[in-house]
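# Topology and contacts: notes
Single-letter residue listing:
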Amino acid sequence: MPSLQHIYGVLQNEMSTVVGVSLTRLILATILGGLIGMERQLKHRPAGLRTNLFICLGAAMYTLLSDELAVEHIGDHTRIAAQIIPGIGFIGAGSILHSRDKLVTGITTAATIFVVASVGMAVGGGLYLTSIFATGLILLCLFLLGRAEERFGLKAAVYAYEVAGRSADEVTLEVNRVLESVHGMADNLQVAPTPQHVRVQFELEASRKNQREVIQLLKQSSVFESATWLGAVSTE
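If you're wondering where the values come from, they're calculated on a predicted model, not measured in any experiment.

## Let's talk about the overall build of the chain
If you tally the helices and strands in the chain, you get eight helices and six strands. Along the chain direction, N to C, the helices and strands of the chain fall in the order α-α-α-α-β-β-α-α-β-α-β-β-α-β. Scored against the burial criterion, the 236 residues of the chain give a buried share of 35%. A sequence separation of at least 24 residues applies to 66% of the contacts in the chain between residues at least 6 apart. Accessible surface computed for the chain: about 14,400 Å², of which carbon and sulfur atoms make up 63%.

Pasting the structure below:
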């Protein structure tokens, strides 16, 4: 039966080698995944702080386990880590939504999940500088490219509007007339009659520049009793 001193020596040796390195890698993976997740959280994306943090931490953990278990049981060092990619693909596919005929959302979220897992794998494999540089590059792309797309109108966004008028036919015709100026089409148009007037809600997919032009034209129209911008339906 091993003595207490022997057990203490084994634990001390393990803590100073394998466990110490593992803890360092897991903490770093948590920090890097949290940084990317915070950016997603601030933009109110479905995969936010905790999701990205757990994905990065989990990828690092599985990479560590893949190596350590192979040493313990004499096996392939990459067997477990190789299964991370199909698993992340499954999660990413679940974040992509087909809400209407041509509107697909969640592509950026799925791509972020995919790359966050790679950061976790890099940390788990001991590639500290690579993982830190990759995290900085990801954050730079998410911040700067998003701003560039918005500033230069490189990507269309979907916004919802509500207008009110005397009759549904009159309001619908005026909406189509306004949208014709930006070559847009009203999507998901809904009519709600009330005793006082008719409320019509619709969505438009166009650049932010055209969206601003549309709301100005809607408010200037004498046909509408009111015109309200309801905000973005879904942006990435």
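## Considering the pattern of salt bridges
A full pass over the atoms with the stated rule returns four salt bridges. Between Glu-39 and Arg-40 there is a salt bridge whose closest N-O contact spans 2.9 Å. The class of Glu-39 is buried, set by a relative accessible area of 3%. Linking Glu-174 and Arg-177 is a salt bridge whose minimum nitrogen-to-oxygen distance equals 2.7 Å. Of this pair, Glu-174 and Arg-177 are both found in helix α7 (residues 168–180), three residues apart, which corresponds to roughly one turn of the helix. For Glu-174, a relative accessible area of 10% corresponds to the buried category.

## Some words on the pairing of strand β3 (residues 157–165)
Within β3, nine of the nine residues are buried, which leaves it mostly tucked inside the rest of the structure. The two faces of β3 match: Ala-157, Tyr-159, Tyr-161, Val-163 and Gly-165 on one face and Val-158, Ala-160, Glu-162 and Ala-164 on the other face are all buried. Judged from the nine bridges that link them, β3 and strand β5 (residues 198–206) form a sheet pairing that is antiparallel. By the bridge assignment for β5, Ala-157 is matched with Ala-206.

## Let's talk about the packing of helix α4 (residues 84–94) against helix α5 (residues 107–124)
Two elements in contact, α4 and α5, have axes separated by 9 Å at closest approach and are oriented at 155°. In terms of orientation, α4 lies roughly antiparallel with respect to α5. The two elements α4 and α5 meet at a crossing, and its hand is right-handed. Contact residues: α4 offers Ile-84, Ile-85, Ile-88, Ile-91 and Gly-92, while α5 offers Ala-110, Ile-113, Phe-114, Ala-117 and Met-121. Class assignment of the residues belonging to the contact of α4 with α5 gives a composition of nine nonpolar, one polar and no charged.

## What to know about the pairing of β5
Where strand β4 (residues 187–193) and β5 come together, five bridges link them in antiparallel fashion. Looking across to β5, one finds that Asp-187 is bridged to Glu-203. Where β4 folds back on β5, the antiparallel hairpin that results is connected by four residues.

Quick notes on the rules
- Residue positions are given per chain, counted from 1 along the sequence in the order it is written.
- Reporting of local features is limited, given that this is a predicted model, to residues whose pLDDT is at least 70; pairs of side-chain atoms are given and counted only at 80 or more, and all residues count toward the totals for whole chains, interfaces and linings.
- With hydrogens and water stripped out, all remaining heavy atoms of the structure feed into the side-chain values.
- Only DSSP runs of H or I covering at least 4 residues are called helices, and only runs of E covering at least 2 are called strands; the numbering of each starts at the N terminus.
- A 1.4 Å probe rolled over the protein chains alone gives each residue an accessible area, and that area as a share of the maximum for its type sets the label: buried under 20%, exposed over 50%, partly exposed in between.
- Contacts: residue pairs with any heavy atoms within 4.5 Å of one another.
- Accessible surface area values rest on a Shrake-Rupley calculation with a 1.4 Å probe, where residue burial reflects the displayed protein chains alone.
- Only one rule defines a salt bridge in this text: a Lys or Arg side-chain nitrogen within 4 Å of an Asp or Glu carboxyl oxygen.
- By definition, two strands form a pair when at least two bridges between them are found by DSSP.
- Simply put, an axis is a line fit to the C-alpha atoms, just over the touching stretch for a helix, and the angle between two N-to-C directions goes from 0 to 180 degrees.
- What sets the label is the angle itself: under 35 degrees gives roughly parallel, over 145 gives roughly antiparallel, 65 to 115 gives roughly perpendicular, and the rest give oblique.
- Note: crossing handedness is left-handed where the near helix turns anticlockwise from the far helix by less than a right angle, and right-handed where it turns clockwise.
- Just so you know the grouping, Ala, Val, Leu, Ile, Met, Phe, Trp, Tyr, Cys and Pro go in nonpolar, Asp, Glu, Lys and Arg go in charged, and all remaining residues, Gly too, go in polar.

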